[in-house]
Amino acid sequence: MAKKGEIIIEESFCKGCGLCELFCNKKSISMGKIGPGGFPIAQISDPETCNGCGTCGFMCPDMAIEVYKYVDGRSL
Ligand code: SF4
Ligand code: SF4
């Protein structure tokens, strides 16, 4: 099945607030390893489930997430 979406998390921008995990209704993101600042860094936990909805990128207060939406295998 063609991929519907993809995200890239810029770890150095993440402040560990967890909003992306909370609002991703596909459970594609989870909080991962503790970063140098002492807080967990968001990670892609299940890339196959991401549908490129953009919610995580919209919610992130630190602009740490790039979102790509694919239709018929092509990026919009
Ligand atoms: S784009 Fe949507 S589905 Fe993909 S990780 Fe972000 S909130 Fe979840
Ligand atoms: S919303 Fe942004 S700053 Fe907050 S945990 Fe997710 S990537 Fe990190």
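Everything below is about the structure printed above this text.
**Thoughts on the overall build of the chain**
Alright, step 1. Per the secondary structure count, the chain includes two helices and five strands.
Alright, step 2. Starting at the N terminus and walking to the C terminus, you meet the elements of the chain as β-α-β-β-α-β-β.
Alright, step 3. Whereas a compact globule of 76 residues would reach a radius of gyration of roughly 11 Å, the chain reaches 12 Å, a difference of no more than 12%.
Alright, step 4. If one aligns the C-alpha atoms of the chain with their principal axes, the spans along those axes are about 40 × 20 × 20 Å.
Alright, step 5. Looking at the chain as a whole, 21% of its 76 residues qualify as buried.
Alright, step 6. Across the chain, every contact between residues at least 6 apart in sequence was considered, and the portion connecting residues at least 24 apart equals 57%.

**Concerning the nonpolar core**
Alright, step 1. The biggest cluster of nonpolar side chains holds 13 residues, and the ones touching the most others in it are Ile-7, Ile-9, Cys-20, Ile-29, Cys-56 and Ile-65.
Alright, step 2. Among the elements of the structure, strand 1 (5-9) and strand 3 (40-44) are those that each provide at least two residues to this core.

**Here we look at the site of ligand 1**
Alright, step 1. If you check the shell around ligand 1, you find 14 residues, and the closest are Cys-24, Ser-28, Cys-50, Cys-53 and Cys-56.
Alright, step 2. Its residues placed into classes, the shell around ligand 1 shows seven nonpolar, six polar and one charged.

**Thoughts on the pairing of strand 1**
Alright, step 1. Burial along strand 1 is one-sided: Gly-5, Ile-7 and Ile-9 are buried, while Glu-6 and Ile-8, pointing the other way, are not.
Alright, step 2. Two elements, strand 1 and strand 4 (residues 65-71), share five bridges in a ladder whose sense is antiparallel. From the neighbouring strand, Gly-5 faces strand 4, where its bridge partner is Lys-69.

**Some words on the sheet that holds strand 1**
Alright, step 1. The antiparallel open sheet is built from three strands, whose spatial order is 1-4-5. Bordering the open sheet on either side are strand 1 and strand 5 (74-75), each of which pairs with just one other strand.

Rules used throughout
- Residues numbered from 1 in each chain as written.
- Chains lettered and ligands numbered in written order.
- Predicted model: local features only at pLDDT ≥ 70, side-chain atom pairs only at ≥ 80, totals over all residues.
- Helix = DSSP H or I, 4+ residues; strand = E, 2+ residues; numbered from the N terminus.
- Rg over C-alpha atoms; globule rule 2.2 N^0.38 Å.
- Buried ≥ 20, exposed ≤ 12 C-beta atoms within 10 Å, placed from the backbone.
- Contact = placed C-beta atoms within 7 Å.
- Core = buried A, V, L, I, M, F, W, Y, C linked by C-beta atoms within 7 Å.
- Near = placed C-beta within 6 Å.
- Nonpolar A, V, L, I, M, F, W, Y, C, P; charged D, E, K, R; others polar.
- Pairing = 2+ DSSP bridges.

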